[in-house]
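Architecture and fold: a report
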Amino acid sequence: MKVLKFGGTSIGSASRMKKVARLIASGDKDIVVLSALSGTTNTLVEISDYLYKKNPDGANEIINQLENTYFEYINELYSSDTYKNEAKEMLISHFDYIRSYTKDLFTLFEEKVILAQGELLSTAMMDLYLREVGVRSCLIPALEYMRTDKNAEPDPVYIKEKLLLQLEKYPDIDVFITQGYICRNAYGEIDNLLRGGSDYSASLIGAAVNAKEIQIWTDIDGMHNNDPRIVSNTSPVRNLQFEEAAELAYFGAKILHPTCILPAKLNNIPVRLLNTMLPDAPGTLISNQMEKGKIKAVAAKDGIFAIKIKSGRMLLAHGFLRKVFEIFESYQTPIDMVTTSEVGVSVTIDKVKHLQEIVDDLKKFGTVTVDNDMTIICVVGDLDPANLGFSAKAIDALKDIPVRMISYGGSKYNISFLVKTEDKKRALQALSDNLFS
Ligand code: ADP
Ligand code: ASP
Ligand code: MG
């Protein structure tokens, strides 16, 4: 059994959904995970925003517009009036349900129910379409098996038990369809795995059923060696090791949600990144195989704050770093990069909710400066120190760019640079030119 996840753009139009249906109908008895149609979750966020601001008219206007785009979509998707009517009824019930939330108090709880509608709609539409074209499909509700615990982390034991129970119910079907992104939390309320979280759903499902492979189908032919939205002449990377993929996803390669690698890695299930528009392209295979002696790709993460703490007292002082890190821990703020010298330490964070409190507390230990609008650039590959000259090549590429921090040696897979966001494009292009051309 395989798990195939299709992102929003892969089903962004009726013709694309038909294409996906052809792809999944020709496979084995696989599990297909769908995101919401592209743009839908953003629109649901916008609707919620109006409701938080107590503007039901603003919300209703967007709900009506969104509903109309879905009516047009189903008109093109289904051929027969029977299926068009069934789909229309289904849409109306979901949109009326969304409208019912414009009348009362609106909290985080209601928002999560609204955000869940995108995946509920796309999967119901696909299931209906497969039935129209004669494929025996079955809709497995994610809200019946996908669950997070009290720490908002997925609960793999519960997920496995409940998912297997669902699958066993339908021995005679061709394909299972289920929702990405949505789940229930430890209190049984509707919740989600955060934006872009359908990749995570796919990998949790893959782990639960011990899938042969997890396939992430999107709008590009695999992980490229640099961000194709920013740099020209990028090309797909054929093979990545789990750690390399995790570094790239965490440091900004949007094609993959960073959380999605761990369940696959722990269960040694290969992840394949594929292009829905070019299904025969080889894409990228992520596995535990390391290709020796190769720098693979570059990624960038914006919105970074660099905090420097300078202290005369650091000289020979044991316990200094612990005290600094404890402050970040007490405000539940993860640190990305760290560099140290005898007189100071620099760290980067991207969660800045408690920045002011953190800075206030750090001032007890030294002089604190903060730089905002920074970007981490991460070069990933076989960066084992034995590969002489690899790190020098990356550093040399950035010789004309002011680099605020460099982090190397934390793992043998990466070297990270902190630059100003205004220098990001130049830095990414220079790295591509130096490392891959
Ligand atoms: P989906 O809707 O299928 O989840 P996403 O938009 O989340 O798709 O991810 C695919 C997009 O990721 C691509 O269209 C591409 O612009 C972007 N992207 C960013 N960095 C990379 C990279 N290194 N390789 C491939 N795609 C990347
Ligand atoms: N639909 C959700 C989002 O847009 C989840 C996903 O696409 O992965 O974030
Ligand atoms: Mg995505």
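A brief structural summary. (Residues numbered from 1 in each chain as written. Chains lettered and ligands numbered in written order. Predicted model: local features only at pLDDT ≥ 70, side-chain atom pairs only at ≥ 80, totals over all residues. Heavy atoms only, no water.)

1. Examining the nonpolar core
Residues I24, M125, M126, M146, L256 and I286 are the most contacted members of the largest nonpolar core, which totals 104 residues. Among the elements that make up this core, the one with the highest residue count is helix 5 (residues 108-132) (twelve residues). Core analysis: the second largest hydrophobic core is formed by 19 residues, V231, L383, A427 and L428 among them. (Core = buried A, V, L, I, M, F, W, Y, C linked by side-chain atoms within 4.5 Å. Buried < 20%, exposed > 50% of the residue type's maximum accessible area, 1.4 Å probe, protein only. Helix = DSSP H or I, 4+ residues; strand = E, 2+ residues; numbered from the N terminus.)

2. Digging into the pattern of salt bridges
Counting across every chain of the model gives 23 salt bridges. For K265, the salt bridge identified is with E243, shortest N-O distance 2.9 Å. One end of the pair, K265, is in helix 9 (residues 261-266); the other, E243, is in helix 8 (residues 242-250), with 22 residues separating them in the sequence. Here E291 makes a salt bridge to K296, at a shortest N to O gap of 3.1 Å. Judged by its relative accessible area of 26%, E291 falls in the partly exposed class. (Salt bridge = Lys/Arg side-chain N within 4 Å of Asp/Glu carboxyl O.)

3. Focus: the side chain of N275
Mapped onto the secondary structure, N275 falls in strand 9 (residues 271-275). On the basis of relative accessible area, N275 is assigned to the buried category, the value being 5%. Among the polar contacts listed, one links the side chain of N275 to the backbone nitrogen of M277, at a separation of 2.9 Å. Discounting residues that sit within four places of it in the chain, N275 has contacts with W217, T218, D219, I220 and D221. (Polar contact = N/O pair within 3.5 Å; in protein donor to acceptor, adjacent residues only side chain to side chain. Contact = heavy atoms within 4.5 Å.)

4. A short note on the sheet that holds strand 3 (residues 137-140)
With mixed pairing, eight strands are arranged side by side in an open sheet as 3-4-2-1-7-9-10-8. Two strands in the sheet have a free side with no partner beyond their single neighbour: strand 3 and strand 8 (239-241). Adjacent strand axes in the sheet meet at a mean angle of 20° when their direction is disregarded. Looking at chain direction, strand 3 and strand 4 (residues 175-179) are connected through four bridges and run parallel. Of the residues in strand 4, the one forming a bridge with I140 is T178. Packed onto the sheet, helix 1 (residues 14-25) meets strand 1 (2-6), strand 2 (31-34), strand 4 and strand 7 (213-218) and runs at close to 175° relative to strand 1. Contacts from helix 5 reach strand 2, strand 3 and strand 4 within the one sheet, and its direction differs from that of strand 4 by about 160°. (Pairing = 2+ DSSP bridges. Axes fitted to C-alpha atoms, helices over the stretch in contact; angles between N-to-C directions.)

5. What to know about the environment of L163
If you trace the backbone, L163 turns up in helix 6 (residues 156-168). Taking the C-alpha atoms as reference points, L163 and D199, separated by 36 residues in sequence, lie 17 Å from one another. Dropping the residues within four chain positions of it, L163 is found in contact with I140, Y145, I205, A208 and V209.

6. Things to note about the sheet that holds strand 11 (residues 295-310)
With antiparallel pairing, the six strands of this open sheet are ordered in space as 12-13-11-14-16-15. Each of the sheet's edge strands pairs with one partner strand only, and the pair in question is strand 12 (338-341) and strand 15 (403-408). Neighbour-to-neighbour, the strand axes of this sheet turn through a mean angle of 25°, independent of strand direction. The pairing of strand 15 with strand 16 (residues 414-420) spans five bridges and is classified as antiparallel. Paired with V403 across the bridge in strand 16 is V419. In the packing of helix 13 (residues 424-436) onto the sheet, the strands contacted are strand 11, strand 14 (367-381) and strand 16, and the crossing angle to strand 11 comes to about 140°.

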